[in-house]
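Understanding the architecture of this molecule
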2 protein chains.
Amino acid sequence: MAKHVPHVYLSGPWDKSQLSLEDPQFRHLSGVLRRVDGSALTYTDGLGTIGTGTLHGRAIERGAEQVLDAPRPLAIAVAPPKSIDRARWIVEKLQEFEVDALIWLRTENGQARPPKPDKSVKWAISALEQSRGGYLMRIEQVGGFDSLLRPLVVADQAGVSAVTAIKQDGAICIAIGPEGGWAPGEIPNDAPVMSLADTVLRIETAAIAAAVLVRTISRSDGSD
Amino acid sequence: MAKHVPHVYLSGPWDKSQLSLEDPQFRHLSGVLRRVDGSALTYTDGLGTIGTGTLHGRAIERGAEQVLDAPRPLAIAVAPPKSIDRARWIVEKLQEFEVDALIWLRTENGQARPPKPDKSVKWAISALEQSRGGYLMRIEQVGGFDSLLRPLVVADQAGVSAVTAIKQDGAICIAIGPEGGWAPGEIPNDAPVMSLADTVLRIETAAIAAAVLVRTISRSDGSD
């Protein structure tokens, strides 16, 4: 196997030819991955720029950089699951599919609190680095339906096929409900409802299924 | 919220009007879920039959039963990930999407062992019950490419869009490679290659993405 090239997130703006690494990043690169001066790495600001550089002391010497096309806008609003592991899965997997924004959704039957913001961001950065992406997902702590972007599609077993709903409505926001389901009258009138499977999906499964569908359907259409 | 109706897996064949519960199942129903004689429950043999019955002592009194349409045949062959948590996630999520068979795939760069069969089956049963499904996934311990059903599609970043590949080739088996990627020459000549995302997906993310795509695309086509 070719030696793996580490991919590092460094928040911008970058105004120097060398970008300082934070202590944990440097310790990981030198201590765990055994990289030395001159080792190749890639880096991103999480806003679409990816560069190829080298390790230089406790910094990255910048090299060629490019700005990636932005993925199609997509926010996923999710009622937080009770288990922190499942919340972490949601953050990681939505980041892997380059979802723009994860919004922890306040719902009538949802009883769990969202994970703390610093934790969520750490999980997202780690998934960004691991998946070699260029866009870091935003995480909004708690929103209700009013705060969500439109067109909005709501996941529910009673709805039409997900592919149909996503193609027709060009959803830019998808809402996933809590373990107890939506309360009567809770789903906004302007939001069509889509079904993701014949079975009952867990929150994290529905969230990732929605991300997979929007991302892959938009790629096959050749749209951005 | 309406009281949740437990869904219980009981392997067939069922030849009596009452089906005996195993001790852990009974303890869960009576001790954890506090169900009593006469409580409603649903049950399945994992082969497509689902019934509505009631708790009766340490058994289920059978009621109306129906046989669900079988989902479109779909096997997913996956190089086992190193982490047992990630392996468990694969089993659970593929079961939620009613994949027929999970095959732990032997690959040149894959170094991890598959989880023990009894563990995998337990995870699958629990996901079957939780998702209220009627078809229990088969889990095959270790196979190479020769043992996989055709048409076979292999996931790899170099391939065409997943939606295109799945529609064209009507895949009934999808292979997901190990963390180190496929070795040169490892992908069989008769298998087209598809890409699931622009980013680098983890094994478990690719496996669930493949299941989501095949299941939802076949639903929207109106095919079974």
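Residues numbered from 1 in each chain as written. Chains lettered and ligands numbered in written order. Predicted model: local features only at pLDDT ≥ 70, side-chain atom pairs only at ≥ 80, totals over all residues. Heavy atoms only, no water.

Take the domain arrangement of chain A next. All names here are of chain A. When the domains of chain A are assigned, the result is domain 1 (7-67) and domain 2 (75-221). Centre-to-centre, using C-alpha coordinates, domain 1 lies 31 Å away from domain 2. In this assembly, eleven residues from domain 1 lie in contact with eight residues from domain 2. Both sides of the domain 1 and domain 2 interface together cover about 760 Å² of buried area, and 57% of this is carbon and sulfur. Of all residues in domain 1, His7, Tyr9 and Gly46 give up the largest surface area on contact with domain 2, accounting jointly for 64% of the area buried on that side. Scanning the region where domain 1 abuts domain 2 turns up zero salt bridges. Counting the contacts that link domain 1 with domain 2 gives seven residue pairs in polar contact (both at pLDDT 80 or more). Counting only elements with at least two residues in the side of domain 1 that touches domain 2, the list comes to strand E1 (7-9), strand E3 (40-44) and strand E4 (49-56). Per element, the largest residue contribution to the side of domain 1 that touches domain 2 is three residues, and it comes from E1. (Domains from an automatic or database assignment. Contact = heavy atoms within 4.5 Å. Buried area = accessible area lost by both parts, 1.4 Å probe. Salt bridge = Lys/Arg side-chain N within 4 Å of Asp/Glu carboxyl O. Polar contact = N/O pair within 3.5 Å; in protein donor to acceptor, adjacent residues only side chain to side chain. Helix = DSSP H or I, 4+ residues; strand = E, 2+ residues; numbered from the N terminus.)

Residue and element names in this part refer to chain A. In the predicted model, chain A carries a mean pLDDT of 91, and the fraction of residues at 70 or more is 95%. By mean pLDDT, the top-scoring element of chain A is E3 (98), and the lowest-scoring one is helix H4 (residues 162-169) (75). We note a pTM of 0.92 for the whole complex and an ipTM of 0.88 for its interfaces. (pLDDT = per-residue confidence, 0-100.)

Any aromatic ring pair is given by two values, namely how distant the centres are and how the planes are angled relative to each other. Taken as a whole and assessed by the stated rule, the structure comprises five aromatic pairs over all chains. Ring centres 5.4 Å apart and planes at 45° place the aromatic pair Phe145(B) and Trp182(B) in the tilted group. Of this pair, Phe145(B) sits in the loop between strand E9 (138-143) and strand E10 (152-161) while Trp182(B) sits in the loop between strand E11 (173-176) and strand E12 (193-195), and the two are 37 residues apart along the sequence. Neither residue differs from the other here; Phe145(B) and Trp182(B) are each classed as buried. A cation sits over an aromatic face here: Lys93(A) above Trp89(B), 5.9 Å from the ring centre. (Phe/Tyr/Trp six-rings, centres within 6.5 Å; stacked < 30°, edge-to-face > 60°. Buried < 20%, exposed > 50% of the residue type's maximum accessible area, 1.4 Å probe, protein only. Lys NZ or Arg CZ within 6 Å of the ring centre and 35° of its normal.)

A few words now on unusual backbone geometry. With an omega of -5°, the peptide bond running from Gly12(A) to Pro13(A) counts as cis. Inspection of the secondary structure puts Pro13(A) in the loop between E1 and strand E2 (18-20). The phi angle at Glu98(A) is positive, at roughly 55°, despite the residue not being glycine. Locating Glu98(A) in the fold gives a position in the loop between helix H2 (84-96) and strand E8 (101-105). Positive phi values are uncommon outside glycine, yet Arg34(B) reaches one of about 60°.

Turning next to the relation of the copies chain B and chain A. Note on the chain copies: they are related by a rotation about an axis and a translation along it. When chain B is brought onto chain A, the operation consists of a screw motion whose angular component is 180° and whose axial shift is 0.0 Å, with 0.0 Å RMSD remaining. Taken together, the turn and the small shift mark the pair as related by a two-fold rotation axis. A shared interface surface links the copies, since 97% of the contact residues of chain B are contact residues in chain A too. (Least-squares fit on C-alpha atoms with pLDDT ≥ 70 in both.)

Every contact between the two is made by 37 residues of chain B and, on the other side, 36 residues of chain A. Summing both partners gives a buried area of about 3100 Å² for chain B against chain A, and 60% of it is carried by carbon and sulfur. Where chain B packs against chain A, one counts four salt bridges. Counting every contact that joins chain B to chain A gives 14 residue pairs in polar contact (both at pLDDT 80 or more).

Quick look at the pairing of strand E8 (residues 101-105) of chain B now. Residue and element names in this part refer to chain B. Across the five residues of E8, five count as buried, placing the element largely inside the fold. Neither face of E8 is open: one carries Ala101, Ile103 and Leu105, the other Leu102 and Trp104, and all of them are buried. The pairing of strand E7 (residues 75-78) with E8 spans four bridges and is parallel. Across the sheet, Ala77 pairs through a bridge with Ile103, a residue of E8. Between the parallel elements E7 and E8, the chain passes through helix H2 (residues 84-96) in a crossover that is right-handed. When E8 meets E9, the two strands line up parallel, connected through four bridges. The residue of E9 that forms the bridge with Leu105 is Gly143. Regarding the hand of the β-α-β motif, the stretch spanning E8, helix H3 (residues 117-131) and E9 is right-handed. (Pairing = 2+ DSSP bridges. Right-handed = clockwise from strand over helix to strand, strands pointing away.)

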